[in-house]
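Read off the chains here:
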Amino acid sequence: MYDGKEKSTPVSNRGVVNTCPKSPIACVDWFSCTFFSARNWQELAALFRFPLEKFTVKEKGINGYLKSAIWDNIEFYFEGHNDSMGIWLNLGGQGCRQFEELFEHTKWTWIEVFEFVLEEKANVTRLDIAIDDFNNIFTIHQLELCMRNGCVASRFKHGRNFEKINLETGKTEGQTLYFGQSEVIFRFYDKYYERLQRGKYFHEDIKTWVRSEVQLRGDRAKSALDVIVNNDMDLGDFLRGLLNRYIAFKVKGNDTNRARWKNTRWWDKFLNNIGKIKLSLQAPDKSVLRTKDWIDKQVLASLATLYISLGSDDKLFNDYIIEKGKSQMSDHQLQMALEFANKDDFRNQLKTDMISYIQEKKAFSKQQATNQWLQTAGSIIQYNNEKKQQVSN
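Residues numbered from 1 in each chain as written. Predicted model: local features only at pLDDT ≥ 70, side-chain atom pairs only at ≥ 80, totals over all residues. Heavy atoms only, no water.

Q: Any details on the overall build of the protein? Residues and values, ideally.
A: Of regular secondary structure, the protein possesses 14 helices and twelve strands. When burial is assessed residue by residue, the protein has 39% of its 393 residues classed as buried. Partitioning the contacts of the protein with sequence separation of at least 6, the portion at a separation of at least 24 is 67%. Surface summary for the protein: the accessible area is close to 23200 Å², and the carbon and sulfur share equals 50%. (Helix = DSSP H or I, 4+ residues; strand = E, 2+ residues; numbered from the N terminus. Buried < 20%, exposed > 50% of the residue type's maximum accessible area, 1.4 Å probe, protein only. Contact = heavy atoms within 4.5 Å. Areas by Shrake-Rupley, 256 points an atom, 1.4 Å probe, with all protein chains shown as cover.)

Structure follows, in structure tokens:
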């Protein structure tokens, strides 16, 4: 059982793509459900083997819930406006990644989570599955051309195209295509470009990354869990069947029934490849950056406590952390660190980010000190003026 103690930095390859996958991969990118049988959120958290002491309880909720218990990106909402609202577990994209990082300790898998949700007769409110292609099977531009040329056969009447355009250059800096609404939505976008815009890093093998997302809500989401768990259906078969049912990109033909036009070669290739997909815990983030994020959230407060307890002895603290840390590094961690250090752009950007934070923190502290001094000086001046007023009276 996971006790929530930071024993060592995660070293497994969960959550990281170290080389470019040869076929698409899929991961759960959003999951939320409402439980009605649990007495309180603590009971649910214990069932999932979450460390209760990590959660912060707030007198604030959303969607009709009055309170929340939150640990980074894992969220429980409770005490709804009426007793029938139950306890809502909400895991966004980062919440799913955080949940997966605990799998090694909690012994859960997504399939087991889905089974548990169905057994508890929970209400599944949302399930998003992301399909990531790193081999340029198709581009967003090809999808857009099919839309504009009337070459999309779909149960949906309309598609939507959202673009972010640089007004100085006129160039597109982000584009997402949407199909569907309400309980079933498909999204397609260039994930590689989106993450570059946000200053994220990739393994050098990753040169392209197109994400296709399936978003299911309500009954469609619960039905998806039921099909995956009880019908012994591979995730890839389920996704391929879902896409085949709702949307297809076609080569223009003469038949009045667009559904009978031939699929484009790249769409058939995509469907054939995702038929082999298994549920992955992988996401193509740079391992060193994920390690830093984990340290920022889970370890730094404990390190600061040790540092202050040593009387702020910089040399002793730094020597101890570095020497003991090096002695505990695995071969995988050493290789990962050396690989990252040899990439000048990655290393320099990481340093820049860390330096910027320190400078901003110091500037803020300096401004705080200045404000306090000005406040104190103002109080002294006010006191002297009041004294002078009393004397003159």
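Structure's up, so let's keep going.
Q: Could you give me a rundown of the state of the cysteines, with the residues and numbers involved?
A: Enumeration over the complete set of coordinates arrives at zero disulfides. Looking at the unpaired C96, the closest cysteine sulfur is the one in C27, lying at 7.9 Å. No disulfide involves C146; its sulfur sits 5.5 Å from that of C151, the nearest cysteine. (Disulfide = S-S within 2.5 Å.)

Q: Describe the nonpolar core, with residues and values.
A: F31 and W267 are the most contacted members of the largest nonpolar core, which totals 72 residues. Not counting residues within four places of it along the chain, the set of residues in contact with W267 comprises F138, F188, L243, I247, A248 and F249. Judged by nonpolar contacts, the second largest core, of five residues, contains Y65, I70, M85 and W88. (Core = buried A, V, L, I, M, F, W, Y, C linked by side-chain atoms within 4.5 Å.)

Q: Explain the side chain of Q215 residue by residue, including any values.
A: With respect to the secondary-structure elements, Q215 resides in strand β11 (residues 210-217). According to the relative accessible area criterion, Q215 is buried, its value standing at 5%. One polar contact links Q215 to R126, side chain to side chain, over a distance of 3.1 Å. Dropping the residues within four chain positions of it, Q215 is found in contact with R126, L127, D128, E183, V184, I185 and R187. (Polar contact = N/O pair within 3.5 Å; in protein donor to acceptor, adjacent residues only side chain to side chain.)

Q: Let's hear about the packing of helix α7 (residues 218-230) against helix α8 (residues 235-246): which residues, and what values?
A: Direction vectors running N to C along α7 and α8 enclose 140°, while the axes themselves pass 10 Å from each other. Our classification of the angle between α7 and α8 gives oblique. As for how α7 packs across α8, the hand of that crossing is right-handed. For the pair α7 and α8, the contacting residues are R220, A224, V227 and I228 in the first and L235, F238 and Y246 in the second. In terms of residue class, the contact of α7 with α8 is built from six nonpolar, no polar and one charged. (Axes fitted to C-alpha atoms, helices over the stretch in contact; angles between N-to-C directions. Parallel < 35°, antiparallel > 145°, perpendicular 65-115°, else oblique. Left-handed = near helix turned anticlockwise from the far one by under 90°. Nonpolar A, V, L, I, M, F, W, Y, C, P; charged D, E, K, R; others polar.)

Q: Give me the sheet that holds strand β3 (residues 65-71): which residues, what numbers.
A: One open sheet holds the ten strands; their spatial order is β2-β3-β4-β5-β1-β6-β11-β10-β9-β8, and the pairing between them is antiparallel. Only two strands of the sheet have a single partner each, and these edge strands are β2 (56-58) and β8 (159-165). Geometrically, the sheet is characterised by an average inter-axis angle of 15° between neighbouring strands, direction not taken into account. Where strand β6 (residues 123-133) and β11 come together, eight bridges link them in antiparallel fashion. (Pairing = 2+ DSSP bridges.)

Q: I'd like to hear about the confidence of the model for the protein, residue by residue, with values.
A: Looking at the protein, pLDDT values average 80 and 75% of them are 70 or higher. pLDDT under 50 marks residues 1-18. Its contacts with residues more than four places away, or in other chains, come to 53 contacts. (pLDDT = per-residue confidence, 0-100.)

Q: Kindly report on the pairing of β3, identifying the contributing residues and their values.
A: For β3, a buried count of five out of seven residues is recorded, marking the element as mostly surrounded by other parts of the structure. Sheet topology note: the β2/β3 ladder contains three bridges and is antiparallel. Among the inter-strand pairings, T56 is bridged to a residue of β3, identified as I70. As paired elements, β3 and strand β4 (residues 74-80) share six bridges and run antiparallel to each other. By the bridge assignment, A69 is partnered in β4 with F76. In this structure, the hairpin formed by β3 and β4 is closed by a connection of two residues, where D72 is found at a positive phi of approximately 55°.

Q: An account of helix α2 (residues 93-101) is needed here, citing residue identities and associated values.
A: A large share of α2 lies buried, amounting to seven of its nine residues. Considered for burial, the residues of α2 that qualify are G93, G95, C96, R97, Q98, F99 and E100.

Q: Tell me about the pattern of salt bridges, and please be specific about residues and values.
A: Applying the stated criterion across every chain yields a total of 15 salt bridges. Linking K67 and E59 is a salt bridge whose minimum nitrogen-to-oxygen distance equals 3.7 Å. Residues joined in a network through salt bridges with shared partners are D29, R97, E100, R126, D128, D132, R187, R211 and E213. (Salt bridge = Lys/Arg side-chain N within 4 Å of Asp/Glu carboxyl O.)

Q: Summarise the environment of S309; cite the residues concerned and give the values.
A: Looking at the element boundaries, S309 is found in helix α11 (residues 300-309). The class for S309 is exposed, based on a relative accessible area of 60%. From its side chain, S309 meets the backbone oxygen of T305 in a polar contact 2.7 Å long.

Q: Please provide a residue-by-residue account of a nonpolar patch on the surface, values included.
A: Taken together, the side chains of L306, L310, L316, Y320, I321 and I322 present a nonpolar region at the surface, about 490 Å² in accessible area. By residue number, the principal contributor to the nonpolar patch is helix α12 (residues 314-328), which donates four residues. Positionally, L316 belongs in helix α12. (Patch = residues over 30% accessible without salt bridge, like charges linked within 9 Å, V, L, I, M, F, W, Y side chains within 5 Å.)

Q: An account of the packing of aromatic side chains is needed here, citing residue identities and associated values.
A: By convention here, two paired aromatic rings are described through the distance between centres and the angle between planes. Counting across every chain of the model gives 40 aromatic pairs. Considering the side-chain rings of F99 and F103, the 5.1 Å spacing of their centres and the 70° angle between planes classify their relative orientation as edge-to-face. Relative accessible area serves as the criterion here: at 1%, F99 is assigned to the buried category. Residue F103 is classed as buried on the basis of its relative accessible area, which comes to 4%. Its end group placed over the ring of W30, R126 keeps NZ or CZ at 3.9 Å from the ring centre. One cation-aromatic arrangement involves R245 over Y246; the distance from NZ or CZ to the ring centre is 5.9 Å. (Phe/Tyr/Trp six-rings, centres within 6.5 Å; stacked < 30°, edge-to-face > 60°. Lys NZ or Arg CZ within 6 Å of the ring centre and 35° of its normal.)

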